[in-house]
Protein chains: 2
Amino acid sequence: MENLEEKTISTKEIFKGRIISLQVDEVLLPNGNTSTREIIKHPGAVAVIAITEDDKLVVVEQYRKAFEKAIIEIPAGKLEKDEDPAVCASRELEEETGYGCKDLEHITSFYTSPGFADELVHIYLAKGLYKKEDAAGLDEDEFVNLMEISLEEALDLMKEQKILDAKTMYAVQYWQLLGK
Amino acid sequence: MENLEEKTISTKEIFKGRIISLQVDEVLLPNGNTSTREIIKHPGAVAVIAITEDDKLVVVEQYRKAFEKAIIEIPAGKLEKDEDPAVCASRELEEETGYGCKDLEHITSFYTSPGFADELVHIYLAKGLYKKEDAAGLDEDEFVNLMEISLEEALDLMKEQKILDAKTMYAVQYWQLLGK
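Predicted model, so just to flag it, every value in this text is computed and none were measured.

Trainee: Would you explain the interface of chain A and chain B in this entry?
Mentor: The figure often quoted for interface size is the accessible area lost as the parts come together. On the chain B side, the residues contacting the 69 residues of chain A number 68 residues. Carbon and sulfur atoms make up 65% of the surface buried where chain A meets chain B, a total of about 6100 Å² over both sides. The largest per-residue losses of area from chain A upon contact with chain B belong to L4, K65 and F143 of chain A, which jointly make up 12% of the total buried on that side. Counting the contacts that link chain A with chain B gives 2 salt bridges. Note that D141 of chain B and R37 of chain A form a salt bridge whose closest N and O atoms lie 3.1 Å from each other. At the junction of chain A and chain B, the tally comes to 28 residue pairs in polar contact (both at pLDDT 80 or more). Every element with two or more residues in the side of chain A that touches chain B is listed here: β1 (7-16), β2 (21-28), β3 (34-41), β5 (57-64), β6 (69-73), β8 (99-111), β10 (144-149) and α3 (166-178) of chain A. Considering every element that reaches the side of chain A that touches chain B, the biggest residue donor is α3 of chain A, with 8 residues. Here the residues of the side of chain A that touches chain B are counted per class, giving 33 nonpolar, 15 polar and 21 charged.

Trainee: Explain the pattern of salt bridges to me, please; I cannot follow it from the model alone.
Mentor: Side chains that differ in charge, positive against negative, can pair when their charged atoms come close. All told, the structure shown has 32 salt bridges over all chains when counted by the stated rule. Two residues, R64 of chain A and E73 of chain A, come together in a salt bridge whose shortest N-O distance is 2.7 Å. Classification of R64 of chain A by relative accessible area gives buried; the value is 14%. You can call E73 of chain A buried: its relative accessible area is 1%. Notably, a salt bridge pairs D165 of chain B with K167 of chain B, separated by 2.6 Å at the nearest N-O pair. On the accessibility criterion, D165 of chain B (0% relative accessible area) is buried. In the salt-bridge network here, residues are joined through shared partners; they are E80, E83, R91, E92 and E95 of chain A.

Trainee: Would you take a moment to explain the domain arrangement of chain A for this structure?
Mentor: Residue and element names in this part refer to chain A. Annotation of chain A at the domain level lists domain 1 (7-41) and domain 2 (45-178). Just the C-alpha atoms count here: the centres of domain 1 and domain 2 sit 31 Å apart. Listed as interface residues are 6 residues of domain 1 and, on the opposing side, 5 residues of domain 2. Buried area between domain 1 and domain 2, both sides added, is near 420 Å², and the carbon and sulfur share of it is 50%. Seen at the junction of domain 1 and domain 2, the total is 2 salt bridges. Among the ionic pairs, D141 bridges to R18, the shortest N-O distance being 3.8 Å. Counting across the domain 1 and domain 2 interface gives 2 residue pairs in polar contact (both at pLDDT 80 or more). Taken together, the residues of the side of domain 1 that touches domain 2 sort by class into 3 nonpolar, no polar and 3 charged.

Trainee: Please explain helix α3 (residues 166-178) of chain B as it appears in this structure.
Mentor: In an α-helix, one turn spans 3.6 residues; hence positions three or four apart end up facing the same way. In this model α3 of chain B runs 18 Å from its N-terminal to its C-terminal C-alpha over 13 residues, within 8% of the 18 Å that 1.5 Å per residue would give. Among the residues making up α3 of chain B, those that are buried are A166, K167, T168, M169, Y170, A171, V172, Q173, Y174, W175 and L177 of chain B.

Trainee: Looking at this structure, I do not really get empty space enclosed by the protein. What am I missing?
Mentor: Summary: where empty space remains is shown by rolling a probe the size of a single water molecule over the atoms. All names here are of chain A. Considering all chains together, one arrives at 1 cavity of 30 Å³ or more under this definition. What the largest cavity holds in volume is close to 30 Å³. Taken together, V60, Q62, R64, E73, I74, P75, A76, E96 and K167 make up the full set of residues lining the largest cavity. The biggest single contributor to the lining of the largest cavity is β5, with 3 residues. Of the residues assigned to the lining of the largest cavity, the class counts are 4 nonpolar, 1 polar and 4 charged.

How each quantity is defined
Residues numbered from 1 in each chain as written. Chains lettered and ligands numbered in written order. Predicted model: local features only at pLDDT ≥ 70, side-chain atom pairs only at ≥ 80, totals over all residues. Heavy atoms only, no water. Contact = heavy atoms within 4.5 Å. Buried area = accessible area lost by both parts, 1.4 Å probe. Salt bridge = Lys/Arg side-chain N within 4 Å of Asp/Glu carboxyl O. Polar contact = N/O pair within 3.5 Å; in protein donor to acceptor, adjacent residues only side chain to side chain. Helix = DSSP H or I, 4+ residues; strand = E, 2+ residues; numbered from the N terminus. Nonpolar A, V, L, I, M, F, W, Y, C, P; charged D, E, K, R; others polar. Buried < 20%, exposed > 50% of the residue type's maximum accessible area, 1.4 Å probe, protein only. Domains from an automatic or database assignment. Expected span 1.5 Å × (residues − 1). 1 Å grid on protein atoms, 1.4 Å probe; cavity = no way out; pocket = protein on both sides within 12 Å on 5 of 7 lines; lining within 4 Å. Points joined across faces, edges and corners; volume = space filled by probe spheres on them.

Here it is in C-alpha cells:
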C-alpha cells in the first residue's frame, strides 16, 4: 500500500470564532509536490437516538442558517470544552426534548465532512426514556419544535426532504436495522 | 408550531478559498434577539455506493489532513461549478477506482454538518460495474489506495475506526438493509 501521509509545511490561522476556526495548511504530498488544505476545526458533537416506549423517534425541528431551511433532526449539540460525550448527550437530550434516560449506549462516532473539517459526532442510543419534570431549557439562541415520529413517518419525512442531514438519516437506518 | 426562521441582518465574508468560504451572519432570532452564525459555504459533493458482482464494496483509503489520519471511504468528490451530480458521481468513480457503471441510482442527499455548513452530499448506487481500460486518473493532489471489501470486513473496519466518516457508515448500513 502506498504511504498517503501529507506532512505540514506551515499552518496559517485565518479565523477563530465562537464555534469553529479556519486554518490553511501548506502540505507536502506523498509525491514530493506541495498543495494547500483548507481546514475547519470544530469542538465535536453528540447526537442521540431516542426511541419512546410506543416506538416513536424523538426529533426536533430546527432552523439551519447555513442553508436557510428548518429541518427535522435527532437531538444533538456541540461538546463543551473537556466535556465527556456521554454527559453532553444526556444534557442535549434533556435541553432539547425534556427527556431523561436511564442509560446511554455509544453506537459509533463519525467524521461528518472529512474533506475539510475535523468535526467528530458521537452517536448514542438512549435507553429507559422518561419525561423530566424539572428539565433544563435550551440555550438562549436555540429554538426548536419537538416531535415524536413513527418509522413510517420518518421515511416519509426523508422523501419530503424535511429529514435531510447525515446523522438523522444514519439514525433512521439504525432504527430500521434494529427491527430486522 | 413555532416559527423558527432566523432573518439575516448582515453578512460578512471572512475567507474565500479554493474549496470553501467562510462568512459570519448577524441574525434576528424568533424571539427578537440577535446572534451570530458562523457559516461555511461548500460547492456540494457526491458519493458512490459501488458493489461488485462478487458482493464487495469498492472503497478508497485516503489521507484526511483535517484530522491527520488515513481512513477508508466510499468514492466521493466535490461538484465542479454547475456540474450535474450524476455526471460528477460517474467521474469520481472512474477517477478514484477505475470502474465505470451502466447506471447510477440516486439514493438520497444529505447535509453533513447542518450546524455550520451547507455541504450537501448526493449519494448514488452504481449498477452494472465494469473495469474501464482507459480510466481517467486522479487529480494531481489526490492519492488513494483502492480496496474491495466484504460486508464483514466493512463492519470490522468500522470497529477498528478505519471506516470513520458519515457517508461511508451510511453506505454500510444501506448495504446491510439491501440484504435484509
